[in-house]
Amino acid sequence: MVSLPSMVTSPPSLTAPELELRKQVRAFLAETLPWGTFEPGLGMGAEVNPKFSAALAERGWIGMAVPARYGGHDATAVDRFVVVEELLRWGAPVGHHWVAEEQKQWLLPRICRGELCFCIGMSEPDAGSDLASVRTRGVRDGDGWRVSGVKVWTSNAMRADFMIALCRTGDGERHAGLSRFLIDMHSPGVTVKPIPFLNGSTDHFAEVVLDGVLVSDEMVIGEIGQGWAQNADELAFERSGPDRWISTFLLVQEFIRERPDLAASPDGSRLIGELAAQYWVLRRLSLAVARAIDAGGTPAAEAALIKEMGTRFEQDVVSALRELLDRELVCGLEPAPSLFERLLRRAALDAPSFTIRGGTTEVLRSVAAKGLS
């Protein structure tokens, strides 16, 4: 039996070394990305900036929890939590290195140096939340595999060096027949087609067509047939981080800065107080999961609950602010007059995706129900 109360009994506050790490990250951001000199992003959908990723890597803040023998730093999940929280709170351009995967000595050091960009090939035109029904197939071809199929809603595919692709390699039970490959995005047979977003932008989502792409055995992640288990484990760990509840934090921050009178009004004060309380609760729960991971636990159900609560909260922030402003939001292509306006427009467009990426609300509730029963 797994219970959420038992998970949060571990100390949720930061230790002195963790507070020192946070201080270092804040000083680094203030020096490297002074506020007002860059366009801040909202959570994991921030801009791609390889130069900034390289600067982070020099400080040892990419691949932190990767073993040192692979170029990482043997850091804890909580240390990573501290760094990620500060980066996202600042709106830093982390898009270049946000997705990465372990694959032997030759690949991990390059990940830890911030040199590689990855995308994830999970969803397909007829397989969204039901990943077990993917049709992209890997067929044996000599010492490798020929992969054919279509992946959709693939973030950063147009910039990525590799795709982590979930494919069907067997004809047995739906889950048992899945495997994962690292696909070089520059390989013959890979075609990337940008998908226009609501605001006309084509720099984020893409459809990726894989037409007989040759993948060597060395690019199989783990073992053939273990793709479903790998996918489930990774989603469990990634669902509880700051990126699942802090995406719209900058929106609240800029609202207070740019609209101080409205923020200080009775309705504004009430809203800010409610949002602050919810941020505090979600942060403590999220940090508790990180400590549980450091203790050797696998808090999949707890992580699912945090993601379910966190991403709904991210959407509620946008709705609450728009209601307080009491006006229609214009999401046209013309430049917005202020940072708050730009963030609000972007958040209104991005918010519907918060409860989809990383698992829909319905899927998460199912995972939590099974784990807590």
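A brief look at the structure comes next.

Attention now goes to the overall build of the protein chain. Counting secondary structure elements, the protein chain contains twelve helices and seven strands. For the protein chain, contacts bridging at least 24 residues in sequence account for 73% of all contacts bridging at least 6.

In this section: helix α4 (residues 77-90). Given a rise of 1.5 Å per residue, 14 residues ought to cover 20 Å, and the 20 Å separating the end C-alpha atoms of α4 matches this to within 8%. Counting buried positions along α4 gives twelve out of 14 residues, so the element sits mostly inside the fold. The complete set of buried residues in α4 reads Ala-77, Val-78, Phe-81, Val-82, Val-83, Val-84, Glu-85, Glu-86, Leu-87, Leu-88, Arg-89 and Trp-90. In this structure, the buried residues of α4 make contact with α2 (16-32), α3 (50-58), α7 (249-258) and α9 (266-294). One or two residues past the end of α4 sits Gly-91, with phi positive at roughly 75 degrees.

Bridge count for strand β2 (residues 137-141) against strand β3 (residues 144-151) is five bridges, and the pairing is antiparallel. Bridge assignment links Gly-138 to a residue of β3, and that residue is Val-147. Counted between consecutive antiparallel strands, the loop separating β2 from β3 contains two residues, among which Gly-142 sits at a positive phi close to 65 degrees. Sheet topology note: the β3/strand β7 (residues 206-216) ladder contains seven bridges and is antiparallel. Across the sheet, Gly-144 pairs through a bridge with Ser-216, a residue of β7.

So, on to the packing of α7 against helix α10 (residues 300-325). With their axes 10 Å apart at the nearest point, α7 and α10 run at an angle of 25 degrees to one another. When the interaxial angle is binned, α7 and α10 end up roughly parallel. The crossing of α7 and α10 is left-handed. Residues Leu-251, Val-252 and Phe-255 of α7 form the contact with α10, whose participating residues are Val-317, Val-318, Leu-321, Leu-324 and Leu-325. Of the residues belonging to the contact of α7 with α10, the class tally is eight nonpolar, no polar and no charged.

With that out of the way, let us pick up the pattern of salt bridges. A complete count under the given rule lists 17 salt bridges for this structure. Where Arg-26 meets Glu-86, a salt bridge forms, and the shortest distance between an N and an O atom there is 2.9 Å. Taken together, the positions of Arg-26 in helix α2 and Glu-86 in helix α4 put the pair 60 residues apart, joining distant regions of the chain. You can call Glu-86 buried: its relative accessible area is 1%. Salt bridges linked by common partners bring Arg-26, Glu-86 and Arg-89 together as one network.

A word on the side chain of Ser-286. Following the sequence through the fold, Ser-286 ends up in helix α9. On the basis of relative accessibility, which here comes to 1%, the residue Ser-286 falls in the buried class. Setting aside anything within four residues of it in sequence, one finds Ser-286 in contact with Phe-81, Ser-240, Gly-241, Pro-242, Trp-245 and Ile-306.

What counts, and where the lines are drawn
Residues numbered from 1 in each chain as written. Predicted model: local features only at pLDDT ≥ 70, side-chain atom pairs only at ≥ 80, totals over all residues. Heavy atoms only, no water. Helix = DSSP H or I, 4+ residues; strand = E, 2+ residues; numbered from the N terminus. Contact = heavy atoms within 4.5 Å. Expected span 1.5 Å × (residues − 1). Buried < 20%, exposed > 50% of the residue type's maximum accessible area, 1.4 Å probe, protein only. Pairing = 2+ DSSP bridges. Axes fitted to C-alpha atoms, helices over the stretch in contact; angles between N-to-C directions. Parallel < 35°, antiparallel > 145°, perpendicular 65-115°, else oblique. Left-handed = near helix turned anticlockwise from the far one by under 90°. Nonpolar A, V, L, I, M, F, W, Y, C, P; charged D, E, K, R; others polar. Salt bridge = Lys/Arg side-chain N within 4 Å of Asp/Glu carboxyl O.

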